[in-house]
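Coordinate inspection notes
Below are the chains, spelled out letter by letter.
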Number of protein chains: 2
Amino acid sequence: MELLVDKTPLPEGIDERLSRQLTFLIEVDRLKAVLRQSPLAAAERRENDAEHSWHLAMMVVLLAEHSDEPIDVGHTVELVLVHDLVEIYAGDTPLYDTGAGHDQDARERAAADALFGLLPVDQAERVRALWDEFEERRTPEAKFAKAMDRLQPLLLNWMARGGTWKTPGVTTGDIRERKAVIGDASAGLWQAGQRLIDEGAARGWSRPDAGG
Amino acid sequence: MELLVDKTPLPEGIDERLSRQLTFLIEVDRLKAVLRQSPLAAAERRENDAEHSWHLAMMVVLLAEHSDEPIDVGHTVELVLVHDLVEIYAGDTPLYDTGAGHDQDARERAAADALFGLLPVDQAERVRALWDEFEERRTPEAKFAKAMDRLQPLLLNWMARGGTWKTPGVTTGDIRERKAVIGDASAGLWQAGQRLIDEGAARGWSRPDAGG
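These lines cover the structure that appears in this document, whether it is placed above or below. Please read all numbers here as calculations on a predicted model, not as lab measurements.

**Concerning the relation of the copies chain A and chain B**
Taken as rigid bodies, chain A and chain B are interconverted by a rotation of 180° and an axial shift of 0.0 Å, the fit giving an RMSD of 0.0 Å. Taken together, the turn and the small shift mark the pair as related by a two-fold rotation axis. Looking at the interface residues of chain A, 100% of them are also at the interface in chain B, so both copies use one shared face.

Set out below in structure tokens:
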């Protein structure tokens, strides 16, 4: 596998641990080139994973008070900063793409091994633990991080008057089902999320359920 | 001033404090549309402020051990997450553009008032305090955050074999002078930064100083 840094190797005279850290930090520049489905509110293009991760971090800092359980804000921010890194090698799996999900776990685990393995061992283990914690969604911090990951595109879709809600085959019920994890972290934020979904549906920005 | 949210106002039934928070979080989507001079390592385009802010946050998490003084990692991450927000209204001032700097302070202060004022008062004060702390560069956390802000484009310019080092009129000495603040936070990282600058100069990626 060719790394970004292989194009312009770091100069001699930087100690090995720092070289590994800088190699990783250069490689993750690729997160800026992983496109998501969500349209930006501020420009006529799709969002990328780095922008998305920054946005989630801002949301954690400003919305943490809405968590139903106390959370460590700094730790939750770390979870969202790293949560999409594996997509650098595994790609983004759209929320409403049910077909792509079947080998997603295996692809993302292989990506985690390759990418985090660039770091010094202690940091590779630490970043891997953060990613595992996010994926497992058991700690209050991981639940809140996941809620931000679901709430943020809801805001962007609202601003776009539909956005990915208009994905063929997706109904208002599908949206509600996939967003319900917000309620695992915050009753208040899920209430607001449901207002956005319901009002969007009422305005025709998502498709009614069969028979609904 | 028209806010992004004015294009698609939030629905009724969301409490006022949360509405203010969401209004702000939608407005800061604009950070993704503020372009910097730095070229990405991973794609053929310039970086934007949201991507840059995410990258700095990752650097804080992974490079904090190189700080010469102990730092609170979570707090330092918050400083870098918010440090460029004022550019949403004030624009990016390129590091090597000496002309644009003269009214930069006034423009950025006005931008901070307008943008942070969207938040509930307690949070507006908190974000303003974070931005002031970053700008004043007195705390160990602010010094380290600033060092990341200077080291990250150094990595991107290295990868681009010059990048903004090739700005007309800029010499290797100018680069060294503007990057020296890295040394206020970390002797080790500044040593590595100097290796990048010196080796880049040796390869002809920056312009020698007059008489140098």
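Still more to cover.
**Thoughts on helix 3 (residues 73–82) of chain A**
Counting buried positions over the ten residues of helix 3 of chain A gives seven, a clear majority of the element. Within the sequence span of helix 3 of chain A, burial applies to T76, V77, E78, L79, V80, L81 and V82 of chain A. On its buried face, helix 3 of chain A sits against helix 2 (49–63), helix 6 (121–136) and helix 7 (140–159) of chain A together with helix 2 (49–63) and helix 3 (73–82) of chain B. Two or three places before G74 of chain A, at the opening of helix 3 of chain A, D72 of chain A has a side-chain oxygen 3.1 Å from that residue's backbone nitrogen.

**Observations concerning helix 6 (residues 121–136) of chain B**
With 16 residues, helix 6 of chain B should reach 22 Å at 1.5 Å per residue; the first-to-last C-alpha distance of 22 Å fits that figure. For helix 6 of chain B, every residue scored as buried is listed here: Q123, A124, V127, L130, W131, E133 and F134 of chain B. Those residues of helix 6 of chain B hidden inside the fold are in contact with helix 2 of chain A together with helix 1 (16–27), helix 3, helix 5 (104–116) and helix 7 (140–159) of chain B. R137 of chain B sits one or two residues past helix 6 of chain B and shows a positive phi near 55°.

**Observations concerning the pattern of salt bridges**
One pass over the structure, following the stated rule, counts 34 salt bridges over all chains. For K32 of chain B, the salt bridge is made with D29 of chain B, and the minimal N-O distance between the two is 2.5 Å. What you see here is one network of salt bridges that share partners, running through D29 and K32 of chain A together with R36 and E47 of chain B.

**Overview of the packing of aromatic side chains**
For the structure on display, the rule yields four aromatic pairs over all chains. Centre to centre, the rings of W158 of chain A and W205 of chain A are 5.0 Å apart; their planes meet at 65°, and the pair counts as edge-to-face. With W158 of chain A in helix 7 and W205 of chain A in the segment after helix 10 (187–202), this residue pair connects regions lying 47 residues apart in the sequence. Each ring, one from F116 of chain B and one from W131 of chain B, has its centre 6.4 Å from the other, and the planes form 70°; the classification is edge-to-face. Here W131 of chain B lies in helix 6 and F116 of chain B lies in helix 5, a separation of 15 residues in the sequence. Given the relative accessible area of 2%, W131 of chain B is considered buried.

**Side note on the packing of helix 1 (residues 16–27) of chain A against helix 2 of chain B**
Packing of helix 1 of chain A against helix 2 of chain B leaves a shortest axis separation of 11 Å and a crossing angle of 160°. Here helix 1 of chain A lies roughly antiparallel to helix 2 of chain B, going by the angle between them. The two elements helix 1 of chain A and helix 2 of chain B cross, and the hand of that crossing is right-handed. Where helix 1 of chain A approaches helix 2 of chain B, its residues L18, Q21, F24 and L25 of chain A are matched on the opposing element by H55, M58, M59, L62 and L63 of chain B. Residue composition of the contact of helix 1 of chain A with helix 2 of chain B, by class: seven nonpolar, two polar and no charged.

**Overview of the side chain of S19 of chain A**
Residue placement: S19 of chain A occurs in helix 1. Setting aside its immediate chain neighbours within four residues, S19 of chain A contacts L10 and I14 of chain A.

**So, the interface of chain A and chain B**
With 66 residues of chain A in contact, the opposing surface of chain B contributes 66 residues. Joining chain A to chain B, the criterion identifies four salt bridges. A salt bridge links E47 of chain A to K32 of chain B, with the shortest nitrogen-to-oxygen separation between them at 2.7 Å. Counting the contacts that link chain A with chain B gives 38 residue pairs in polar contact (both at pLDDT 80 or more). Within the residue set of the side of chain A that touches chain B, elements represented by two or more residues are helix 1, strand 2 (46–48), helix 2, helix 3, helix 6, helix 7 and helix 10 of chain A. For the side of chain A that touches chain B, the leading source of residues is helix 2 of chain A, giving eleven residues.

**Quick look at the environment of A112 of chain A**
Residues and elements named next belong to chain A. Within the element layout of this structure, A112 appears in helix 5 (residues 104–116). Spatially, the C-alpha atoms of A112 and V127 are 9.2 Å apart, while their sequence positions differ by 15 residues. Apart from the residues lying within four places of it in its own chain, the contact partners of A112 are V86, G117, R128 and W131.

**Some words on the nonpolar core**
Counting residues in each nonpolar core, the largest one holds 136 residues, and the members touching the most others are F24 and L85 of chain A together with F24 and L85 of chain B. Sequence-distant contacts of F24 of chain B, defined by excluding residues within four places in its chain, comprise M58 and L62 of chain A together with L85, L115, F116, L118 and L119 of chain B.

**Quick notes on unusual backbone geometry**
Residues and elements named next belong to chain A. Despite not being glycine, R161 has its phi angle at roughly 55°, a positive value. Here R161 shows up in the loop between helix 7 and helix 8 (172–179). Take R161: its relative accessible area is 39%, and that puts it in the partly exposed class.

**What to know about the packing of helix 3 of chain B against helix 7 of chain B**
Residues and elements named next belong to chain B. Relative orientation of the contacting elements helix 3 and helix 7 amounts to 50°, with a least axis distance of 9 Å. As far as their axial angle goes, helix 7 and helix 3 are oblique. As for how helix 3 packs across helix 7, the hand of that crossing is right-handed. Between helix 3 and helix 7, the residues in contact are H75, T76, L79 and V80 and E141, A142, F144 and A145, respectively. Here the residues of the contact of helix 3 with helix 7 sort into five nonpolar, two polar and one charged.

**Let's talk about the environment of D29 of chain B**
Within the secondary structure, D29 of chain B is located in the loop between helix 1 and strand 1 (35–39). Of the residues examined, D29 of chain B reaches a relative accessible area of 0% and is grouped as buried. Here the alpha-carbon distance between D29 of chain B and H55 of chain B, two residues 26 residues apart in the chain, equals 17 Å. Setting aside chain neighbours within four positions, we find D29 of chain B in contact with L40, A41, A42, H55 and L156 of chain A together with L4 of chain B. Among the polar contacts made by the side chain of D29 of chain B, one reaches the main-chain amide nitrogen of A42 of chain A at a distance of 2.9 Å.

Cut-offs applied
Residues numbered from 1 in each chain as written. Chains lettered and ligands numbered in written order. Predicted model: local features only at pLDDT ≥ 70, side-chain atom pairs only at ≥ 80, totals over all residues. Heavy atoms only, no water. Least-squares fit on C-alpha atoms with pLDDT ≥ 70 in both. Contact = heavy atoms within 4.5 Å. Buried < 20%, exposed > 50% of the residue type's maximum accessible area, 1.4 Å probe, protein only. Helix = DSSP H or I, 4+ residues; strand = E, 2+ residues; numbered from the N terminus. Polar contact = N/O pair within 3.5 Å; in protein donor to acceptor, adjacent residues only side chain to side chain. Expected span 1.5 Å × (residues − 1). Salt bridge = Lys/Arg side-chain N within 4 Å of Asp/Glu carboxyl O. Phe/Tyr/Trp six-rings, centres within 6.5 Å; stacked < 30°, edge-to-face > 60°. Axes fitted to C-alpha atoms, helices over the stretch in contact; angles between N-to-C directions. Parallel < 35°, antiparallel > 145°, perpendicular 65-115°, else oblique. Left-handed = near helix turned anticlockwise from the far one by under 90°. Nonpolar A, V, L, I, M, F, W, Y, C, P; charged D, E, K, R; others polar. Core = buried A, V, L, I, M, F, W, Y, C linked by side-chain atoms within 4.5 Å.

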